[in-house]
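The chain contents come next:
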Amino acid sequence: MFGLYDKEGILRYVNSDKDACLAYAELFDLSSANYSLMNLNEKSEEIGNINLDQNQAESNN
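Residues numbered from 1 in each chain as written. Predicted model: local features only at pLDDT ≥ 70, side-chain atom pairs only at ≥ 80, totals over all residues. Heavy atoms only, no water.

**Q** Talk me through the environment of Leu 40; I want residue IDs and the actual numbers.
**A** Looking at the element boundaries, Leu 40 is found in helix 2 (residues 40–47). Residues Leu 40 and Gly 3, spaced 37 residues apart in sequence, show a C-alpha to C-alpha distance of 6.3 Å. Here Leu 40 is in contact with Met 1, Phe 2, Gly 3, Tyr 5 and Val 14, once residues within four sequence places are set aside. (Helix = DSSP H or I, 4+ residues; strand = E, 2+ residues; numbered from the N terminus. Contact = heavy atoms within 4.5 Å.)

Written as structure tokens, this is what we have:
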């Protein structure tokens, strides 16, 4: 999984295909100086197993 971030660090696009991320940048005329492409799989392996299921959150009411 790859993430394309703009120069301000905002995630703009996510896709499992690196070429699709680059096509997105080209579509919106983003030059390589204005974005970074990160392999999100490598980051998730470093972080470990994270459960993102929001339905498991406890209520503070």
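From this point, the narrative continues.
**Q** Hey, could you go over the nonpolar core for me, with residue numbers and the actual values?
**A** The biggest cluster of nonpolar side chains holds 7 residues, and these are Phe 2, Leu 4, Cys 21, Tyr 24, Ala 25, Leu 30 and Tyr 35. Elements represented by at least two residues in this core include exactly strand 1 (2–6) and helix 1 (18–27). Per element, the largest residue contribution to this core is 3 residues, and it comes from helix 1. Excluding its chain neighbours within four sequence positions, the residues that come into contact with Tyr 24 are Leu 4, Arg 12, Tyr 13 and Leu 30. (Core = buried A, V, L, I, M, F, W, Y, C linked by side-chain atoms within 4.5 Å. Buried < 20%, exposed > 50% of the residue type's maximum accessible area, 1.4 Å probe, protein only.)

Interpretation in functional terms is not warranted from these geometric data alone.
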